[in-house]
Amino acid sequence: MTDNSRGFTSSIGAILAAAGGAVGLGNIWRFPYMLGQNGGGAFLLIYVFFVIMIGIPLMMTEFVIGRRSQSNVVGAYRTMGGKHKGWMALGVLGIVAALLIYAFYSVVAGWTLNYVVLSCSGQLNGLAPDAVSQTFSDFSQGSYLPLIYQFAFLALTGLVITMGVQKGIEKVSKVLMPILFILLLVMCVRSLTLSGASQGLNFLFKPDFGKITGKGVLEALGQSFFSLSLGMGAMITYGTYIRKEDKLLKTSTWIAVCDSLVAILAGIVIFPAVFAFGMDPAGGPELVYIVLPNVFNSMPFGNIFSIVFFVLLGIAALTSTISLLEILVAFAVEELHWKRGAASVVASLMVFAIGAFCALSFGPLKEFTIFGKTVFDLFDMLTASYIMPIGALLMVIFLGWFYPKAGVRDELSNGGTLKARFFGIYYFLLRYVAPIALIIILIYGIIG
Ligand code: PFF
């Protein structure tokens, strides 16, 4: 079978759609503040190391499972697990993770829409730093605007998913991903030409290993998982849409390169600007919503760059929310036999029902905490630090130790085009390196 009529129509379509799923708020919002809080360049090096050693093999693993089973995340483990139905629980974990991530992710995605509106209407123009912070807290702590913007983002995503895999996901990704790259490059040129840019570049690229802590190493790994959307079935779902003749090593490598490149470019946009205007690089999650508007206010044509930046952030978020919703919709369509449109509406409403608690976590529900965390923080921590690594660990055990080696080789080698040596390296990483690394990290995470 050369044409996979339910899936992506070309290699580039597959790469752009999956890269769109990977490239998101994680790269432009989460990565810079993680790097800022963990001392800069050394964090970047450790992050890249994890992407190569664990991220790419795990992505190949998800693609193998998806393409081999031709099934959504629950169906994949049912089909490939044979009579061992217990593996299906791993698929269910993926569905739960997608719901939880989408619930808090859509909040930050909604903020982005609000910032596009604020930038376009000039409401951030010329505000003093205090007023910029005040604007962010007034908005994020509000009781209805965050909900409205979250709902708008969910609706936009639902619309794309209803249009289908080829006409929705693939088409939108093919248009938006190149735009995202161009906008990012425009922003890079602007940032690099600011006087004082070199200090930011030093911060980003000059490793100072003295600043790295055990927690920083864990965060670098967690960030690589979150950024590449690994460990919960997003790439299994997209794997089912990849054509049989596409090479999974090449596809995974391209996606990882795009993803890391966008994170690094985002760093090149943000840190020179932060240093040039004397802001704090360790500004935390609010880095892009508070620090950057201040930066834009202190540069010529800042308002235009502010619009460009938040549109870019919105695009990155949208291609990722699409991949989150597709996990849920593929499950509902294939397992529950729902229509695509209905599945998309029901799943989005469910996410909104849960996500509303996250949207209100900064204001009315600030005091509503579980294990000392707001619902937003709880979902973020539960997924990135626990469900994704645990899901990934069980997944590598499944494919490396339970599923027949010949099947893995067959799926990866497209009739023998993957060199034996590459397969050997992959299989070694799958069976030994990934599980051991994941166990160590989980133990650290749990006792630390
Ligand atoms: N990889 C996305 C990002 O970096 O923003 C986040 C994400 C999307 C995680 C989809 C998981 C997922 F299924």
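Residues numbered from 1 in each chain as written. Predicted model: local features only at pLDDT ≥ 70, side-chain atom pairs only at ≥ 80, totals over all residues. Heavy atoms only, no water.

### Notes on the packing of helix α2 (residues 25-37) against helix α5 (residues 88-120)
Part 1 of the argument: Packing of α2 against α5 brings their axes to within 12 Å, and their N-to-C directions diverge by 90°. Taken together, the axes of α2 and α5 lie roughly perpendicular to each other. When α2 is examined against α5, the residues Leu25, Gly26 and Trp29 are found in contact with a partner set consisting of Tyr105, Val108, Ala109 and Thr112.
Part 2 of the argument: For the contact of α2 with α5, the class distribution of residues is 5 nonpolar, 2 polar and no charged. (Axes fitted to C-alpha atoms, helices over the stretch in contact; angles between N-to-C directions. Helix = DSSP H or I, 4+ residues; strand = E, 2+ residues; numbered from the N terminus. Parallel < 35°, antiparallel > 145°, perpendicular 65-115°, else oblique. Contact = heavy atoms within 4.5 Å. Nonpolar A, V, L, I, M, F, W, Y, C, P; charged D, E, K, R; others polar.)

### Observations concerning the pattern of salt bridges
Part 1 of the argument: All chains considered together, the criterion is met by 11 salt bridges.
Part 2 of the argument: Where Arg243 meets Asp246, a salt bridge forms, and the shortest distance between an N and an O atom there is 2.9 Å.
Part 3 of the argument: One salt bridge connects Glu411 with Lys244, and the closest N-O pair in it is separated by 3.2 Å. With Glu411 in helix α17 (residues 405-413) and Lys244 in the loop between α11 (234-239) and α12 (248-276), this pair connects stretches of sequence that are 167 residues apart.
Part 4 of the argument: Each of Arg67, Arg68, Lys244, Asp410 and Glu411 takes part in one network of salt bridges that share partners. (Salt bridge = Lys/Arg side-chain N within 4 Å of Asp/Glu carboxyl O.)

### Observations regarding the confidence of the model for the protein chain
A low pLDDT means the predicted coordinates there should not be read in detail.
Part 1 of the argument: Averaged over all residues, the pLDDT of the protein chain equals 90, while 98% of them reach at least 70.
Part 2 of the argument: Least confident of the elements in the protein chain is helix α13 (residues 287-297), whose mean pLDDT is 84; most confident is helix α15 (residues 340-359), at 97. (pLDDT = per-residue confidence, 0-100.)

### Some words on the site of the ligand
Part 1 of the argument: As a matter of local geometry, the ligand sits amid 18 residues, with Ala22, Gly26, Tyr105, Phe226 and Ser229 nearest to it.
Part 2 of the argument: For the ligand, a nitrogen atom lies 2.9 Å from a polar atom in the backbone of Ala22.
Part 3 of the argument: When the free accessible area of the ligand is taken as 340 Å², the share hidden by the protein chains comes to 100%.
Part 4 of the argument: Applying the majority rule of atoms within 2 Å of the grid points places the ligand in the largest cavity.
Part 5 of the argument: Of all elements in the fold, only α1 (11-22), α2, α5, α10 (214-227) and α14 (302-335) reach the threshold of two or more residues within the shell around the ligand.
Part 6 of the argument: Tallying contributions element by element places α14 first for the shell around the ligand, with 4 residues.
Part 7 of the argument: Grouping the amino acids of the shell around the ligand by side-chain chemistry returns 10 nonpolar, 8 polar and no charged. (Near = heavy atom within 4 Å. Polar contact = N/O pair within 3.5 Å; in protein donor to acceptor, adjacent residues only side chain to side chain. Areas by Shrake-Rupley, 256 points an atom, 1.4 Å probe, with all protein chains shown as cover. 1 Å grid on protein atoms, 1.4 Å probe; cavity = no way out; pocket = protein on both sides within 12 Å on 5 of 7 lines; lining within 4 Å. Sits in = over half its atoms within 2 Å of the grid points.)

### What to know about the environment of Leu25
Part 1 of the argument: Secondary-structure assignment places Leu25 in helix α2.
Part 2 of the argument: Spatially, the C-alpha atom of Leu25 lies 8.1 Å from that of Ser320, the residues being 295 residues apart in sequence.
Part 3 of the argument: Leaving out residues up to four positions away in the same chain, Leu25 has contacts with Arg30, Tyr105, Val108, Ala109, Thr112, Leu313 and Ala317.

### Focus: empty space enclosed by the protein
Part 1 of the argument: A full pass over the atoms with the stated rule returns 4 cavities of 30 Å³ or more.
Part 2 of the argument: Roughly 140 Å³ of volume is contained in the largest cavity.
Part 3 of the argument: Broken down by secondary-structure element, the contributors of at least two residues to the lining of the largest cavity are α1, α2, α5, α10 and α14.
Part 4 of the argument: With 3 residues, α14 is the largest single contributor of residues to the lining of the largest cavity.
Part 5 of the argument: Within the lining of the largest cavity, the residues separate by chemical class into 8 nonpolar, 8 polar and no charged.
Part 6 of the argument: In this structure, the second largest cavity encloses a volume near 70 Å³. (Points joined across faces, edges and corners; volume = space filled by probe spheres on them.)

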